[in-house]
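# Structure at a glance
For reference, the chains in residue letters:
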Amino acid sequence: MTSVSQAANAVEDLARDKNSAIIAQDVSNYSEQDCSETMKALCWMGKNSVKVLDVPRPKILEPDDVILKVTGNTVCGSDLHLLHGNVIQLKKGDILGHEFCGIVDEVGSAVRRVQKGKRYVASFQIACGDCFYCKQKLSSQCEKTNTNATQRAMYGGQTAGMFGYSHFTGGFAGGQAEYVRVPLGDVNLLEIPDDIPDEKALYLSDVLATSYHAVHDTAVHPGDQVAIFGAGPIGQMAGLFTIKAGAAKIIFIDTEPRLSFVKERWPKEHASKLELVDFKKLSFGVTNKETVVSKLKELCGGRGPDAAIECAAGEYAKGWVHWLEMMLGAETDTSEILNEMIESVRSFGRCGITGIYVGYTNHLNIGSLMERGVRLIGNGQAPVHKYWEDLLQQIQKGDLDPLQMLSHRVHMEDLDKVYYAFEKREDGMQKVFVETKFSLPACADSPPLTRY
């Protein structure tokens, strides 16, 4: 996959229309900036290899830039796709991380709203604020911040630029660092109120908006029975938003330790709505044995759930056929979970895809989809700007507590080791808060600091 990324980068360098960009792209680290000051940052070094390095700190490149002194970041399940080299157009030395918050250290000459010294959380996507999609708050599909020609050719369009997520999404240095450059800072930073600690505000950058969007874009209705594939942070929070949407039953499909983590932190007043299915204890494919599909049918009156939400990803093959095809490059993503969703929901049911799927898949059960009228919905990268102000208000009112998914507090200096621990789900690791040397004192109910 590393050689594929190298080839894709070479083609991209020839094909990209750099004149159409409204902001500087392919600034995935700050090595070309003339800066004697350094900082610590988590860098991609190759397939299955990341390392915390001392690298040049960012400077203002454009008038709308903001330099944020990072006080908190985190690791997302989608970061593992970068670690594994499954996302193309990564380059050695790229700074990763798309979820972060901090204190403004510098502002460009054109910045008007954002103020030096105040606390802000960044959206993982970089939006312009005035294109067709941004005017509808659909910020993840901004038309002006990512001119990647490969993505346009593969997808028939482009997403917004994204922090720390390869040159495929614009090549922007990420926030798993002590400083980060935020292009178009007035648009892509949300001020954090004094009564909200970083440990809660940080997750407005991605996970809260993504899980909320998954539930509402898939259209969960009162009384619905909902299957959630993946009990990581996105799935866990999607479950809670499903309760708020009025669902009668919520079924998580995953394995340990995540199922137990969700159960232990599930609201007691809604305990009767919760069901857990361990896929490792079931069979899959064409078989007479019990499968995820047959189990979901059984739990939902024989018809199946009204809706299913995919919060896992297409990277992880169960069977040898998909594993082999992915190794050979015959597909980039497995369709196994998608087929389980399509086959398990009731006729005219709904399937929403929120987990990362990079490119193409084989053996999708298009027959079941068509014949039974199943709706397959690509939830897309969540438009953070559409939701983050409302979600912040929910946190302020006490209606939403992001700390319920937080399992570990770790230090920036250990972040490369944390990646590997997170990959293996060591010590029940669910969601981490990564502190830096600039972090404020830990809030009440924060996990204690763990060093590696």
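Now for a description of the structure that goes with this document. These numbers come from a predicted model, not from an experiment. Throughout this document, residue positions are counted from 1 along each chain, in the order its sequence is written. A pLDDT threshold of at least 70 governs which residues receive local features in this predicted model, and a stricter bar of 80 or more applies before side-chain atom pairs are shown or counted, although totals over entire chains, interfaces and linings include all residues. Only heavy atoms go into the side-chain values, all of them from the structure, while hydrogens and water stay out.

### A look at the sheet that holds strand S16 (residues 375–378)
Stated formally: Two strands form a pair only when DSSP identifies at least two bridges running between them. Counting from the N terminus, the helices are DSSP H or I runs at least four residues long and the strands are E runs at least two residues long. Here an axis means a line fitted to C-alpha atoms, over the contact stretch when the element is a helix, while the angle between two N-to-C directions is reported on a 0 to 180 degree scale. Any two residues whose heavy atoms approach within 4.5 Å are treated as being in contact.
Ordered by their spatial adjacency, six strands build an open sheet running S13-S12-S11-S14-S15-S16, and the pairing between neighbours is parallel. Of all strands in the sheet, those bounded by a partner on one side alone are strand S13 (274–278) and S16. Averaged over all pairs of adjacent strands, the angle between strand axes in this sheet comes to 20 degrees, irrespective of strand direction. Against the sheet, helix H11 (residues 336–344) contacts strand S11 (225–229), strand S14 (307–310) and strand S15 (350–353), and its axis sits at roughly 170 degrees relative to S14.

### A look at the packing of helix H6 (residues 207–217) against helix H7 (residues 233–244)
Rule in force here: Every angle not falling under 35 degrees, over 145, or within 65 to 115 is termed oblique; those three ranges are roughly parallel, roughly antiparallel and roughly perpendicular. Definitions for this section: a left-handed crossing has its near helix turned counterclockwise from the far helix by less than a right angle. A right-handed crossing has that turn clockwise. Ten residues, namely Ala, Val, Leu, Ile, Met, Phe, Trp, Tyr, Cys and Pro, are considered nonpolar, four, namely Asp, Glu, Lys and Arg, are considered charged, and the remaining ones, Gly among them, are considered polar.
Put simply, H6 and H7 touch, their axes get as near as 8 Å, and they point 55 degrees apart. Taken together, H6 and H7 sit at an angle that is classed as oblique. In this structure, H6 crosses over H7, and the sense of that crossing is right-handed. On H7, the residues touching Val207, Leu208, Thr210, Ser211, Tyr212 and Val215 of H6 are Pro233, Ile234, Met237, Ala238, Phe241 and Thr242. Here the contact of H6 with H7 is built from residues that sort into nine nonpolar, three polar and no charged.

### Thoughts on H11
The criterion, for reference: Type-normalised accessible area, obtained with a 1.4 Å probe on protein chains alone, sets the label of each residue: buried when under 20%, exposed when over 50%, and partly exposed for intermediate values.
Extensive coverage of H11 is indicated by the burial of eight of its nine residues. Glu336, Ile337, Leu338, Asn339, Glu340, Met341, Ile342 and Ser344 are the residues of H11 that are buried. In this structure, the buried residues of H11 make contact with S11, helix H9 (292–299), S14, helix H10 (320–327), S15 and helix H12 (366–371).

### Quick word on the sheet that holds strand S1 (residues 38–46)
Spatial strand order, S2-S1-S4: three strands in an open sheet with antiparallel pairing. Each edge of the sheet is formed by a strand with only one pairing partner; in this case those strands are strand S2 (49–56) and strand S4 (94–95). Where S1 and S4 come together, two bridges link them in antiparallel fashion. Counted as the bridge partner of Trp44 is Asp94 from S4. On top of the sheet, helix H14 (residues 415–424) reaches S1 and S2; it is set at about 160 degrees to S2, its chief contact.

### Comments concerning the pairing of strand S17 (residues 408–411)
Keep this limit in mind: We call a crossover right-handed when, viewed with both strands directed away from the observer, the connection leading from the first strand over the helix to the second proceeds clockwise.
Of the two faces of S17, the one lined by His408 and Val410 and the one lined by Arg409 and His411 are each fully buried. Of the strand pairs in this sheet, S17 and strand S18 (residues 432–435) are connected by four bridges, and their pairing is parallel. Across the sheet, the residue bridging to Arg409 is Phe433, located in S18. Regarding the hand of the β-α-β motif, the stretch spanning S17, H14 and S18 is right-handed.

### Looking at the packing of aromatic side chains
As a reminder of what qualifies: Note on ring pairs: Phe, Tyr and Trp rings are taken, using the six-membered ring of Trp, and paired if centres are within 6.5 Å. Classes follow the plane angle, with under 30 degrees stacked, over 60 edge-to-face and the rest tilted.
Evaluation of the coordinates by the stated rule reveals seven aromatic pairs. Seen in terms of ring centroids, Phe100 and Phe163 are 5.0 Å apart; in terms of plane orientation they differ by 85 degrees. Their pairing is edge-to-face. Here Phe100, found in strand S5 (residues 100–107), pairs with Phe163, found in the loop between strand S8 (161–162) and strand S9 (179–182); they are 63 residues apart in sequence, far enough to count as distant. Residues Phe100 and Phe163 agree in their burial class; the two are buried. Centroid distance Tyr155 to Phe168: 5.6 Å. Interplanar angle 85 degrees. Geometry classified as edge-to-face. Here the residue Tyr155 occupies a position in helix H3 (residues 149–155), and Phe168 occupies one in the loop between S8 and S9, the gap between them amounting to 13 residues. According to the relative accessible area criterion, Phe168 is buried, its value standing at 4%.

### Section: the environment of Thr436
The condition that has to hold: Polar contacts, as counted here, are pairs of nitrogen or oxygen atoms within 3.5 Å of one another; within protein the pair requires one atom able to donate a hydrogen and one able to accept it, and residues that are adjacent in sequence qualify only if both atoms are side-chain atoms.
Take Thr436: it is sitting in the segment after S18. Classification of Thr436 by relative accessible area gives buried; the value is 4%. In sequence terms Thr436 and Ala177 are 259 residues apart; their C-alpha atoms lie 8.1 Å from each other. Apart from residues no more than four positions distant in its own chain, Thr436 is found in contact with Val70, Thr71, Asn73, Ala177, His411 and Met412. Here the side chain of Thr436 touches Val70 through a polar contact of 2.6 Å, landing on its backbone oxygen.

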